[in-house]
Amino acid sequence: MGIIMKGILAAIAAGGFITLQGAANSVIGEAIGTWQAAALTQLTGFVGALALALLLRGLQPRTLLAVKPVYATGGALGALIIFGNVTAIHQIGITLTTSLVLLGQLALTFLIEWRGWLGSKRISVGPAQAAGFALMAGGVLLLAIG
């Protein structure tokens, strides 16, 4: 299997896992509270990732020091992501939440790559990309009013 196909399958799987996590977090949030759900999810995610790192690649603490502190805080954004997802799912449901999250991801991704922020390769955003984004936004609007 080619590297591009592996990337495509990984992205599709990640999207499915994000949806499953959002649905589970919504149930947890109703039971114990939104921030508590975020904390629990972050904790179990840490334990799971640590276990996989130890099993699959071996954890090398020295490599952790090579990460710039500003990027090391990226995991903390997970709490905000979970809070936003849980809150949105309670208010507007899983389908519309997922659609809007994807739209928000796409918009910020375009901005980051267009400007070359965070060490990303700069891309040019032309009419085709703008049309694609507009079509996606239109699809989300149809979901919202449908």
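Quick caveat, the model's predicted, so the values are computed rather than measured.

## Focus on the overall build of the protein
Check the secondary structure of the protein and you find seven helices and zero strands. For the protein, the N- to C-terminal ordering of α and β elements is α-α-α-α-α-α-α. Once the C-alpha set of the protein is aligned to its principal axes, its extents read approximately 45 × 40 × 35 Å. Within the span of the protein, comprising 146 residues, buried residues form 14% of the whole.

## Description of the environment of Ile81
Relative to the assigned elements, Ile81 resides in helix 5 (residues 77-92). The spacing of Ile81 and Gly138 is 57 residues in sequence and 24 Å in space, taken between C-alpha atoms.

## Quick word on the UniProt feature "transmembrane region" (unreviewed entry) in the protein
Per the UniProt record, the feature "transmembrane region" (unreviewed entry) sits at residues 39-56, 63-83, 89-112 and 124-145. Regarding residues 39-56, the helix share stands at 100% and the strand share at 0%, and the terminal C-alpha atoms are separated by 25 Å. With 86% helix and 0% strand, residues 124-145 has end C-alpha atoms that lie 32 Å from one another.

## Quick notes on the domain arrangement of the protein
The domain architecture assigned to the protein consists of domain 1 (1-92) and domain 2 (94-145). Between the C-alpha centres of domain 1 and domain 2 the distance comes to 21 Å. At the interface, seven residues of domain 1 touch seven residues of domain 2. With both chains or domains summed, domain 1 and domain 2 bury close to 640 Å², and 69% of this area falls on carbon and sulfur atoms. Connecting domain 1 to domain 2 are two residue pairs in polar contact (both at pLDDT 80 or more). Of all the elements, helix 5 adds the most residues to the side of domain 1 that touches domain 2, at four residues.

Each value, and the rule that gives it
Residues numbered from 1 in each chain as written. Predicted model: local features only at pLDDT ≥ 70, side-chain atom pairs only at ≥ 80, totals over all residues. Heavy atoms only, no water. Helix = DSSP H or I, 4+ residues; strand = E, 2+ residues; numbered from the N terminus. Buried < 20%, exposed > 50% of the residue type's maximum accessible area, 1.4 Å probe, protein only. UniProt positions renumbered as here; feature names shortened; annotations may be inferred. Domains from an automatic or database assignment. Contact = heavy atoms within 4.5 Å. Buried area = accessible area lost by both parts, 1.4 Å probe. Polar contact = N/O pair within 3.5 Å; in protein donor to acceptor, adjacent residues only side chain to side chain.

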